[in-house]
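Okay, here's what each chain looks like letter by letter:
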Amino acid sequence: MSEPRINDRIRVPEVRLVGPNGEQVGIVRVEDALRLADEAGLDLVEVAPTARPPVCKLMDFGKYKYEADMKAREARKNQSNTILKEIRFRLKIDPHDYATKKGHVVRFLSAGDKVKVMIMFRGREQSRPEMGFRLLQRLAEDVSDLGSVESSPRQDGRNMVMVIGPHKKKAEAKAEERRRKDTEAAEAAAPGTAPAAPAEVPTEAPATDETAASTTAS
């Protein structure tokens with residue numbers, strides 16, 4: 001992208017001028033456009049050099065460039081590449097290990113990453129591929145609210161592989177995570193409620209002369 005031409009770098013006799021608020025001024029001589037820019041304390045910036053005549057706008061070019069840089073920086077911050085995570089299962093996996101590994105898959109999908117799930121067969125287990133297929137199907141159903149199967153289970157030597165892709169894009173997941181952290185930080189910084197006033201403890205009435213006399217007599 002070529003650098004925009006401003007002020008005295010514009011080398012045409014006439015331009016189509018746009019005001020600072022987007023209003024159409026019309027076709028004017030460059031000298032007149034420069035005079036208007038000088039009177040308004042703004043720059044004359046060529047925004048459509050290939051038009052006939054070229055289109056120029058009155059603007060604060062320094063502010064415009066700063067805002068453009070900030071938008072580009074924000075776009076780069078939100079742009080994230082999806083990562084392919086990998087997790088391995090054994091065919092004979094106990095419920096606790098299954099829950100732990102499923103938790104990892106949930107975490108990866110929630111972060112916007114794809115997950116390559118691999119089942120490793122040992123010895124005679126290779127003759128029972130249908131068991132591996134059922135295990136992968138079970139996992140896919142358990143995380144269906146977060147992702148869907150992009151690559152169906154397939155045998156790859158002694159392993160069976162399946163790829164699950166997230167429903168959310170990486171940038172969306174990161175933005176949601178930032179919002180959650182901001183909310184938690186705001187709640188933590190909010191002042192707490194005032195402590196409740198302590199309950200009044202009833203005090204005994206002072207003893208009268210009659211009460212004291214009765215006690216002494218007894």
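Structure: above.
Residues numbered from 1 in each chain as written. Predicted model: local features only at pLDDT ≥ 70, side-chain atom pairs only at ≥ 80, totals over all residues. Heavy atoms only, no water.

**Student:** When you look at the sheet that holds strand β2 (residues 24-29) in this model, what are you seeing that I'm missing?
**Tutor:** Picture the strands of a sheet paired through backbone hydrogen bonds; they go either parallel or antiparallel. Sheet architecture is open: four strands sit in the order β2-β1-β4-β3, paired in mixed fashion. Each edge of the sheet is formed by a strand with only one pairing partner; in this case those strands are β2 and β3 (43-48). Within this sheet the neighbouring strands show an average axis-to-axis angle of 35°, counted without direction. Pairing of strand β1 (residues 14-18) with strand β4 (residues 55-59) involves three bridges; the strand directions are parallel. Residue pairing for β4: L17 is matched across the bridge by C56. Packed onto the sheet, helix α1 (residues 30-40) meets β1, β2, β3 and β4 and runs at close to 125° relative to β2. (Pairing = 2+ DSSP bridges. Helix = DSSP H or I, 4+ residues; strand = E, 2+ residues; numbered from the N terminus. Axes fitted to C-alpha atoms, helices over the stretch in contact; angles between N-to-C directions. Contact = heavy atoms within 4.5 Å.)

**Student:** Mind showing me how you'd approach the side chain of E125 here?
**Tutor:** If you trace the backbone, E125 turns up in the loop between β6 (114-120) and α4 (129-142). Buried charge without a salt bridge: E125, with K92 as the nearest opposite-charge side chain at an N-O distance of 4.6 Å. Here E125 is in contact with L91, K92 and M120, once residues within four sequence places are set aside. (Buried < 20%, exposed > 50% of the residue type's maximum accessible area, 1.4 Å probe, protein only. Lys, Arg positive; Asp, Glu negative; His and termini not counted. Salt bridge = Lys/Arg side-chain N within 4 Å of Asp/Glu carboxyl O.)

**Student:** Help me understand the packing of helix α3 (residues 95-110) against α4, please; the structure alone is not making it clear to me.
**Tutor:** When two helices pack together, their arrangement is given by the angle between the helix axes and the distance between those axes. It is at 11 Å that the axes of α3 and α4 come closest, and there the two elements cross at 55°. As judged from the angle between their axes, α3 and α4 are oblique. Crossing of α3 over α4 shows right-handed handedness. Residues Y98, K102 and V105 of α3 form the contact with α4, whose own contacting residues are L135, R138, L139 and D142. Residue composition of the contact of α3 with α4, grouped by class: four nonpolar, no polar and three charged. (Parallel < 35°, antiparallel > 145°, perpendicular 65-115°, else oblique. Left-handed = near helix turned anticlockwise from the far one by under 90°. Nonpolar A, V, L, I, M, F, W, Y, C, P; charged D, E, K, R; others polar.)

**Student:** What am I meant to see in unusual backbone geometry here?
**Tutor:** Backbone phi values are negative for most residues with the exception of glycine, while trans is the configuration of most peptide bonds. Residues R52 and P53 are joined by a peptide bond in cis, for which omega reads -5°. Its location among the elements puts P53 in the loop between β3 and β4.

**Student:** Help me understand the pattern of salt bridges, please; the structure alone is not making it clear to me.
**Tutor:** Pairing of side chains with opposite charge becomes possible as their charged atoms draw close. Scanning all chains against the criterion turns up eight salt bridges. Two residues, D32 and R29, come together in a salt bridge whose shortest N-O distance is 3.4 Å. For D32, a relative accessible area of 23% corresponds to the partly exposed category. Judged by its relative accessible area of 47%, R29 falls in the partly exposed class. With a closest N to O distance of 2.7 Å, E130 and R128 form a salt bridge.

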